[in-house]
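Letter by letter, the chains look like this.
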Amino acid sequence: MLSGTVVDITTGAVTSHVRIDIGGSVLTASITNSAVQDLGLVVGGQAIAVIKASDVMVGTVE
């Protein structure tokens, strides 16, 4: 779980992209518009990002 400040919310037809500043790094999450409303997310408000993934992709830089 990573705590941070919501810096931007871009709302689409069904989903929103929520950008959270976590100590200088910005994480973007795609969640439903109803989740944004249910959680009461607003720019400048505090939020917690919970990372849930079954795998991580790794690549190289050439």
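Residues numbered from 1 in each chain as written. Predicted model: local features only at pLDDT ≥ 70, side-chain atom pairs only at ≥ 80, totals over all residues. Heavy atoms only, no water.

As annotated in an unreviewed UniProt entry, the chain carries the name Transporter and is attributed to Gemmobacter nanjingensis.

*Asks:* Teacher, can you tell me more about the overall build of the chain here?
*Replies:* Per the secondary structure count, the chain includes one helix and four strands. In terms of overall dimensions, the chain has C-alpha extents of about 40 × 25 × 20 Å along its principal axes. Counting every position in the chain, which comprises 62 residues, the buried fraction comes to 19%. Partitioning the contacts of the chain with sequence separation of at least 6, the portion at a separation of at least 24 is 36%. For the chain, the exposed surface amounts to about 4800 Å²; the carbon and sulfur share of it is 57%. (Helix = DSSP H or I, 4+ residues; strand = E, 2+ residues; numbered from the N terminus. Buried < 20%, exposed > 50% of the residue type's maximum accessible area, 1.4 Å probe, protein only. Contact = heavy atoms within 4.5 Å. Areas by Shrake-Rupley, 256 points an atom, 1.4 Å probe, with all protein chains shown as cover.)

*Asks:* Sorry, what's going on with the confidence of the model for the chain here?
*Replies:* Reading fine detail from the predicted coordinates is not recommended where pLDDT is low. The share of residues in the chain with pLDDT of 70 or more is 100%, and the mean pLDDT across the chain is 93. Of all helices and strands in the chain, the one with the weakest mean pLDDT is strand β3 (residues 25–32) (93), whereas strand β2 (residues 15–22) scores best (97). (pLDDT = per-residue confidence, 0-100.)

*Asks:* Whenever I open this one, the sheet that holds strand β1 (residues 2–11) confuses me. Can you help?
*Replies:* In a beta sheet, neighbouring strands are held together by backbone hydrogen bonds and run either parallel or antiparallel to one another. As summarised here, the arrangement of the four strands in space is β3-β2-β1-β4, forming an open sheet in which the pairing is antiparallel. The outermost strands of the open sheet, each flanked by one partner alone, are β3 and β4 (46–49). Put simply, the sheet's adjacent strands are angled 45 degrees from each other on average, direction ignored. Across eight bridges, the pairing between β2 and β3 is antiparallel. Bridge pairing in β3 links Ser16 to Ile31. (Pairing = 2+ DSSP bridges. Axes fitted to C-alpha atoms, helices over the stretch in contact; angles between N-to-C directions.)

*Asks:* Where do I start with the environment of Val58 in this structure?
*Replies:* Mapped onto the secondary structure, Val58 falls in the segment after β4. Judged by its relative accessible area of 78%, Val58 is exposed. Sequence separation between Val58 and Gly12 is 46 residues; the distance between their C-alpha atoms is 29 Å.

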